[in-house]
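Listed below, chain by chain, are the residues.
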Amino acid sequence: MVSAHWDTAAPVLTGAAKPETIHDFYGFPEPLYRLRYPAPGSPALAERARAMLAGEGFRAEVDANRGLDHGVWSILLHMFPEADIPVVQLALQTRSGPRHHYRMGQALAALAAEQVLLIGSGQMTHNLREWNRNGNGAPAPYVLEFQAWVHERIMARDHEALIDYAHKAMHASRAHPSDEHFLPLIFSLGTAGKAALPQRTYDAVEGSVLAMDVYTFTPA
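This structure is a prediction, so every number in the text was calculated from the model and none was measured.

Draft legend 1. Just the overall build of the protein chain, in detail. Counting secondary structure elements, the protein chain contains eight helices and nine strands. The C-alpha radius of gyration computed for the protein chain amounts to 17 Å, which stays within 12% of the reference 17 Å derived for 220 residues, consistent with globular compactness. Principal axes of the C-alpha set define a box for the protein chain whose edges measure 45 × 45 × 30 Å. For the protein chain, the proportion of its 220 residues judged to be buried stands at 45%. Excluding contacts between residues fewer than 6 apart, the proportion of contacts in the protein chain whose partners are at least 24 apart in sequence is 75%. A total accessible area of about 11,100 Å² is found for the protein chain, and carbon and sulfur atoms account for 54% of it. Taking the 18 positively charged and 23 negatively charged side chains of the protein chain as two groups, their mean positions are separated by 3 Å.

Draft legend 2. How the structure looks around the layout of surface pockets. Each pocket or cavity is described by its volume, and for the second largest pocket that value is around 400 Å³. Around the second largest pocket, the lining is made up of 21 residues, and of these Leu45, Pro86, Val88, Val116 and Leu117 lie nearest the centre. For the lining of the second largest pocket, a count of residues per class yields 19 nonpolar, two polar and no charged.

Draft legend 3. Just the packing of helix H3 (residues 97–108) against helix H8 (residues 183–192), in detail. Contact geometry for H3 and H8: axes closest at 6 Å, N-to-C directions at 40 degrees. By the angle class used here, H3 and H8 are oblique. The crossing of H3 and H8 is right-handed. When H3 is examined against H8, the residues Gly97, Pro98, His101, Tyr102, Met104, Gly105, Gln106 and Leu108 are found in contact with a partner set consisting of Leu183, Ile186, Phe187, Leu189, Gly190 and Thr191. For the contact of H3 with H8, the class distribution of residues is eight nonpolar, six polar and no charged.

Draft legend 4. Summary view of the nonpolar core. Judged by nonpolar contacts, the single largest core of 25 residues is most densely connected at Met124, Phe146, Val150, Leu162 and Phe182. Counting only elements with at least two residues in this core, the list comes to helix H4 (141–155), helix H5 (159–163), helix H7 (172–175), H8 and strand E8 (210–211). Considering each element in turn, this core owes the most residues, six residues, to H4. In this structure Phe182 touches Gln123, Met124, Phe146, Val150, Leu162, Tyr165 and His176, once residues within four positions along its chain are discounted.

Draft legend 5. Focus on the pattern of salt bridges. All told, the structure shown has ten salt bridges when counted by the stated rule. In this structure, the salt-bridge partner of Asp69 is Arg66, at a minimum N-O distance of 3.1 Å. Look at Asp69 and you get buried, because its relative accessible area is 0%. With a closest N to O distance of 2.8 Å, Arg99 and Glu160 form a salt bridge. Of this pair, Arg99 sits in helix H3 while Glu160 sits in helix H5, placing them 61 residues apart in sequence. On the basis of relative accessibility, which here comes to 41%, the residue Arg99 falls in the partly exposed class. On the basis of relative accessible area, Glu160 is assigned to the partly exposed category, the value being 41%. Among the charged side chains, a network of salt bridges with common partners joins Arg200, Asp203 and Asp213.

Draft legend 6. Region of the structure containing the pairing of strand E1 (residues 2–7). The pairing of E1 with strand E4 (residues 90–92) spans two bridges and is parallel. The residue of E4 that forms the bridge with Val2 is Leu90. Looking at chain direction, E1 and strand E5 (residues 120–121) are connected through two bridges and run parallel. Residue pairing for E5: Ser3 is matched across the bridge by Ser121.

Conventions used here
Residues numbered from 1 in each chain as written. Predicted model: local features only at pLDDT ≥ 70, side-chain atom pairs only at ≥ 80, totals over all residues. Heavy atoms only, no water. Helix = DSSP H or I, 4+ residues; strand = E, 2+ residues; numbered from the N terminus. Rg over C-alpha atoms; globule rule 2.2 N^0.38 Å. Buried < 20%, exposed > 50% of the residue type's maximum accessible area, 1.4 Å probe, protein only. Contact = heavy atoms within 4.5 Å. Areas by Shrake-Rupley, 256 points an atom, 1.4 Å probe, with all protein chains shown as cover. Lys, Arg positive; Asp, Glu negative; His and termini not counted. Charge placed at Lys NZ, Arg CZ, Asp CG, Glu CD. 1 Å grid on protein atoms, 1.4 Å probe; cavity = no way out; pocket = protein on both sides within 12 Å on 5 of 7 lines; lining within 4 Å. Points joined across faces, edges and corners; volume = space filled by probe spheres on them. Nonpolar A, V, L, I, M, F, W, Y, C, P; charged D, E, K, R; others polar. Axes fitted to C-alpha atoms, helices over the stretch in contact; angles between N-to-C directions. Parallel < 35°, antiparallel > 145°, perpendicular 65-115°, else oblique. Left-handed = near helix turned anticlockwise from the far one by under 90°. Core = buried A, V, L, I, M, F, W, Y, C linked by side-chain atoms within 4.5 Å. Salt bridge = Lys/Arg side-chain N within 4 Å of Asp/Glu carboxyl O. Pairing = 2+ DSSP bridges.

Fair warning: the whole summary comes from geometry, so function is off the table for now.
In structure tokens, the structure reads:
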């Protein structure tokens, strides 16, 4: 799983057998900081993924101490509430750009055939400067237009346009003032490949500007 909340200079994977729950957010209600997601890690899977990345030219490492940040556990506690499935997190390298993350996804795509679920955890739009935290309100028009453009490109399997979204999509810089919340989607496209069947399984906008789309990619 990749999350928008772990950024490193080169690819790093969590290799702890019992990764801790990281509360890497500030100013939220106190009960959130009591949440724990005690899923086991998988040092063996982390090492296998590291080797696969290295085989494609990535200088990947394993960190035996890093835990799981909220971009991972806040999603998985709803998907797998028993926390009984091993989890390995892979860091982003935002300075390396979208194509780098597409290639990382391609490098790990074969894991899907080994019953490894590959997940990108980001956000369809993420401009916190415009977030209406105290209420929903109507979705901002630019958010809906960006959502629609991405949906059309995903369904058309136009991965090249999505990789170059910063130049091709309307309102790209407003929807994503920085790349980190869009890169997990690019990683997921790389893992899926163009032959996979895309499907949008959730579509909502929170606080007027935070689009929360969810896509699944089913192998052909």
